[in-house]
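# Breakdown of the fold
Here's the letter readout for the chains.
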Amino acid sequence: MMESGCVAPRPLPGTPCGRRTDTNLRVCTACVHRIRGLLAELPHVYRSCEAALARRPQPLTSERVSGSRAPSLPINEHAMAARTELLEVVAAWSALVADEFRQPRPRSRTIEELSLFLTRRLPLLLAHPAADDFTSELYTVARNARRVAHGDTGRHRTVGRCTHAGCESEVTVRMSVGDPAPQHVRCEAGHTWPPQQWLHLVSQLRATQLRATQLRATQLRATQLRASNAARHGSGRNQARSG
Ligand SMILES: [Zn+2]
Ligand SMILES: [Zn+2]
């Protein structure tokens with residue numbers, strides 16, 4: 001049976017986008033656009049990981065707090081792993097498309113060739129029963145690669161949800177070590193804000209947070225009201241029964 005909701009993941013892992021799909025694809029128009037953009041960006045992300053290989057590795061998160069010290073190599077292992085993973089995932093899906101749809105295999109196993117191969121056959125892949133696996137793997141490896149490519153010289157802070165209509169990706173601010181001024185503001189789907197828009201973005205994010213807080217408060221009041229009404233009716237019935 002054909003599902004009608006878009007299967008591409010939202011920024012939260014495990015939650016599909018769910019918007020209506022009007023074509024035979026299992027992914028909505030907005031997500032197709034996003035996936036095309038992501039595939040076009042992959043060669044650049046891959047090259048950035050390459051550049052990051054030689055830079056001093058820094059932990060991506062604070063997960064490495066145990067006392068044991070692994071011997072460190074003079075290369076950025078995160079960048080190495082992310083780059084390999086990116087190429088492997090794109091190569092594996094290219095192979096699947098080639099085999100399943102009897103398409104000629106990509107001429108070479110380069111990120112440029114493979115990304116282009118997948119972009120050209122995107123309608124086949126996004127109508128395929130494995131479209132959800134493809135999109136979630138693609139998003140995951142691209143996100144990891146982007147983090148090591150851009151994150152090794154600085155740190156990221158998540159500041160809220162993207163303000164573009166229909167995009168719910170997390171917006172992150174990148175700062176360089178020792179400099180508290182933001183360098184780059186972007187959402188995980190690729191929307192960016194130039195410095196002259198940062199103040200406006202901050203006010204939009206604040207307004208969104210305020211609306212969310214107000215909504216929670218309203219929901220809480222409604223729940224309390226329902227509970228007190230139920231209690232009143234309950235005691236009313238009890239009185240009627242006893243009277
Ligand atoms: Zn979608
Ligand atoms: Zn966005």
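What counts and how
- Residues numbered from 1 in each chain as written.
- Chains lettered and ligands numbered in written order.
- Predicted model: local features only at pLDDT ≥ 70, side-chain atom pairs only at ≥ 80, totals over all residues.
- Helix = DSSP H or I, 4+ residues; strand = E, 2+ residues; numbered from the N terminus.
- Buried ≥ 20, exposed ≤ 12 C-beta atoms within 10 Å, placed from the backbone.
- Contact = placed C-beta atoms within 7 Å.
- Expected span 1.5 Å × (residues − 1).
- Bend = angle between axes of the 7 residues up to and from the residue.
- Core = buried A, V, L, I, M, F, W, Y, C linked by C-beta atoms within 7 Å.
- Arc of directions from axis to C-beta.
- pLDDT = per-residue confidence, 0-100.
- Axes fitted to C-alpha atoms, helices over the stretch in contact; angles between N-to-C directions.
- Parallel < 35°, antiparallel > 145°, perpendicular 65-115°, else oblique.
- Nonpolar A, V, L, I, M, F, W, Y, C, P; charged D, E, K, R; others polar.

Turning our eyes to something else, we now look at the overall build of the protein chain. For the protein chain, the count of helices and strands is six helices and three strands. The order of α-helices and β-strands along the protein chain, N terminus first, is α-α-α-α-α-β-β-β-α. Going through the 243 residues of the protein chain one by one, you find that 24% of them count as buried. Considering only contacts in the protein chain between residues 6 or more positions apart, those separated by 24 or more positions represent 53%.

Positive phi outside glycine occurs at R102, with the angle close to 50°. Structurally, R102 is set in the loop between helix 2 (77–100) and helix 3 (111–120).

Among the structural elements, V32 can be located in helix 1 (residues 29–53). Residue V32 is classed as partly exposed on the basis of its C-beta count, with 19 C-beta atoms lying within 10 Å. Sequence separation of V32 and A8 is 24 residues, and the distance between their C-alpha atoms is 8.8 Å. Sequence-distant contacts of V32, defined by excluding residues within four places in its chain, comprise L25, V27 and L126.

In this model, helix 1 (25 residues) spans 36 Å end to end at C-alpha, consistent with the 36 Å of a helix rising 1.5 Å per residue. The largest bend in helix 1 comes to about 40°, at L42, with the proline P43 one to four residues further on. Residues C31, R34, I35, L38, L39, L42, V45, Y46, C49 and A52 constitute the buried set of helix 1.

Further remarks concern the nonpolar core. Membership of the largest hydrophobic core comes to 37 residues, with the highest contact counts inside it found for V27, L42, C49, L118, A142 and A145. When neighbours within four sequence positions are excluded, L42 is seen to be in contact with L86, V90, I111, S115 and A142.

Among all positions of helix 3, only I111, L114, S115, F117 and L118 are buried. With its buried residues spanning 160° around the axis, helix 3 presents them on a single face. For helix 3, the elements touching its buried residues are helix 1, helix 2 and helix 4 (122–127).

On to the confidence of the model for the protein chain. For the protein chain, per-residue confidence averages 79 on the pLDDT scale, and residues scoring 70 or more make up 78% of the total. Below pLDDT 50 for its whole length, residues 58–72 participates in six contacts with residues either more than four positions away or in separate chains.

Right, let's talk about the packing of helix 1 against helix 3 for a bit. When two helices pack together, you describe them by how their axes are tilted relative to each other and by the distance separating the axes. Viewed as axis vectors pointing N to C, helix 1 and helix 3 meet at an angle of 175°, and their least axial separation amounts to 9 Å. With respect to their mutual orientation, helix 1 and helix 3 come out roughly antiparallel. Residues R36, L39, A40, L42, P43 and Y46 of helix 1 touch helix 3, and the partners they reach there are I111, E112, S115, L118 and T119. Looking at the contact of helix 1 with helix 3, its residues break down into seven nonpolar, two polar and two charged.

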